[in-house]
Amino acid sequence: MTDSSKSPESPKSPRKYGHWIDGAWHAPEQGHYQITDPATEEVVGHAPEGHAAEVWTAARAARTAFHDWSRADPRERAAVLERIGALISERADELVPLVRAETGATTRVARSLHVLAAADCFRRTARAVRESGTAALAPHPVAASPLADGGLIGAAAVRRPLGVVACITSHNFPVAQLVGMVAPALAMGNTVVAKPAPQDPLGFLELGPILKEAGLPDGVFNVVVGSGPITNEAVIAHYDIDLVGFSGSAAVGKRIAVSASGQLKRAVLELGGKGTAVVLEDADEQALESAIRTAGLAFSLHSGQTGTAPARMLVHRTLYGKAVDALTTYARSATVGSPADDSTVVGPLISDAQRDRVEAYVEDARRQGARITTGGDRPQIKPGFYAAPTVLADVTPDMPIALEEISGPVVAVIPFDDEAEAVRIATRTPTALHDYVFSADPTHARHLATRLRSANVGVNTAQQHPETPVVPDCGPFGSHGYSEAQSITWRA
């Protein structure tokens, strides 16, 4: 957990990390910057300040390691990924306090959705790569042509690695979200240069020694960190990077897409998450209760700092008042406090700046006519960057809070009169990652779900299937984004 030049310090002392490059810690040339616990405002540790030269070193190490790793038997790669998953699970008790401290996630969320989710991702990717393989095509008679003589032609479709993959993510799930890109990239034989978000990179840096212990060859997995844009820009621009994977804001994603396309690099982008819960007119008590619990994820799931929680709730006008009252009651019951307290439902936001941003959106909505039914005021909890669970009623579809991702414990409730209107409102934002539909008739709900543009739609549930093709994806579809199809043809 320390720089390669340092001996381990007292567990109570903030530690200084290096970059993880070519299977070893590298002391940063530009020194360190501090990582702050958003609940206590104390120093958690010191992250390495990145420089372009360190990115180049990491990219060269990844390029060198690609030759052997890409040619390894997929079963060997799968075995390494299995061991990585097992080791992360074994070290969960060590990793969870660090992840909780640097992200502000509650203990339950830090364990299940940060650390253990990363372990499970490695295991599922290992299983997927074992089950995938060459797809043989039936021999086909082909007539003679200027290209070649005719005959019975056999063929097979295989997937090949792309090369060196850059993985960049935002702060909300710094371990699990990065692993969601790293695991399928490694499984397909790529090598990786990862760049975690500047706010909370320490838990992800801890994976370096774990991956090495599991048998991953040096140079296959590299991590560079930095507090400013120079590290990201250097990673994206380096000529040894063949693909850029990114999960984060649409604004940053656009810049990455422009830069990558200018260099003819591929990009895998998951941008934003302004999800919506749609409550249809025929929703019964059970469906409405499920909708309220799902919308409540905007409070309970990492304080709303996730694209899977619906920040908007669209409710048929006949159920609107009832839904607003129920969601208001739910929000008021959500305990705000220290992530280390097991009774806490809503922890802090990642930073003071993020809290200011969320509060500004709420105040802007209030000025435009939205009604705050609960929340809106800053909790009297010090220290820490806490925001109150907030419900906004009478929101109109054109308000910024209805269209833009804010990443905070806020739900905007919007009425609609018919399903066509609900679909128009739900599809106005381009950043829907997860939507939800609630109805007493599951078939009716599934039909409406097909009209939404979200990558994933839950019908009467917020539960997710682990193998669905949603980026970042650790299941059987995940390899497609980090590999390319190759045809092999022969005379049968």
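In this convention, every chain numbers its residues from 1, walking through the sequence in written order. Totals for whole chains, interfaces and linings use all residues, but because this is a predicted model, local features are given only for residues with pLDDT of at least 70 and pairs of side-chain atoms are given and counted only at 80 or more. Remark: hydrogens and water are excluded; side-chain values derive from all non-hydrogen atoms of the structure.

A. Representation of the sheet that holds strand 13 (residues 275–279) within the structure. We call two strands paired when DSSP finds no fewer than two bridges between them. Numbering of helices and strands runs from the N terminus, with a helix taken as a DSSP run of H or I at least four residues long and a strand as a DSSP run of E at least two residues long. What the seven strands build is an open sheet, ordered 15-16-17-14-13-18-19; its pairing is mixed. In this open sheet, the two strands that pair with only one neighbour each are strand 15 (371–374) and strand 19 (456–459). Averaged over all adjacent pairs, the angle separating strand axes in this sheet is 20 degrees, with direction ignored. In this sheet, strand 16 (residues 390–393) lies alongside strand 15 in antiparallel orientation, the contact comprising three bridges. Across the sheet, Thr 374 pairs through a bridge with Val 391, a residue of strand 16. Fitted lines through C-alpha atoms give the axes, limited to the stretch in contact for helices. The angle between two N-to-C directions lies from 0 to 180 degrees.

B. Representation of the packing of helix 3 (residues 92–103) against helix 4 (residues 107–131) within the structure. Closest axis-to-axis distance for the helix 3/helix 4 pair is 9 Å, and the angle between their directions is 110 degrees. Overall, the two elements helix 3 and helix 4 adopt an arrangement that is roughly perpendicular. Regarding helix 3 and helix 4, the two cross each other, and that crossing is right-handed. Counting all contacts with helix 3, which are made through Ala 92, Asp 93, Leu 95, Val 96, Val 99, Arg 100 and Thr 103, the residues of helix 4 involved are Thr 107, Ala 110, Arg 111, His 114, Val 115 and Leu 116. Roughly parallel refers to an angle under 35 degrees, roughly antiparallel to one over 145, roughly perpendicular to one between 65 and 115, and oblique to any angle outside these ranges. For any helix crossing, the convention is left-handed if the near helix is rotated counterclockwise from the far helix by under a right angle, and right-handed if that rotation is clockwise. What makes two residues a contact is simply this: any of their non-hydrogen atoms within 4.5 Å.

C. Fine view of unusual backbone geometry. That bond from Lys 382 to Pro 383 is cis: its omega, -5 degrees, falls within 30 degrees of zero. Its identity is not glycine, yet Ser 303 carries a phi of approximately 55 degrees, on the positive side. Counting through the fold element by element, Ser 303 comes out in the loop between helix 11 (297–300) and strand 14 (310–316).

D. Looking closely at the side chain of Gln 354. Positionally, Gln 354 belongs in helix 13 (residues 352–367). Polar contact is defined as a pair of N or O atoms within 3.5 Å, subject to the rule that within protein one atom must be able to donate a hydrogen and the other to accept it, and that residues adjacent in sequence are counted only when both atoms are side-chain atoms. Polar side-chain contacts of Gln 354 include one of 2.8 Å to the backbone oxygen of Ile 406. Once residues lying within four places of it in the same chain are set aside, the contact partners of Gln 354 are Gln 305, Leu 349, Ile 406 and Ser 407.

E. Seen up close, the sheet that holds strand 20 (residues 483–491). Ordered by their spatial adjacency, three strands build an open sheet running 6-7-20, and the pairing between neighbours is antiparallel. Only two strands of the sheet have a single neighbouring strand rather than two, namely strand 6 (135–142) and strand 20. Going across the sheet, the axis of each strand differs from the next one's by a mean of 25 degrees, ignoring polarity. One ladder, built from six bridges, connects strand 6 with strand 7 (residues 151–161); its direction is antiparallel. Pairing of Pro 141 across the sheet is with Leu 152, part of strand 7.

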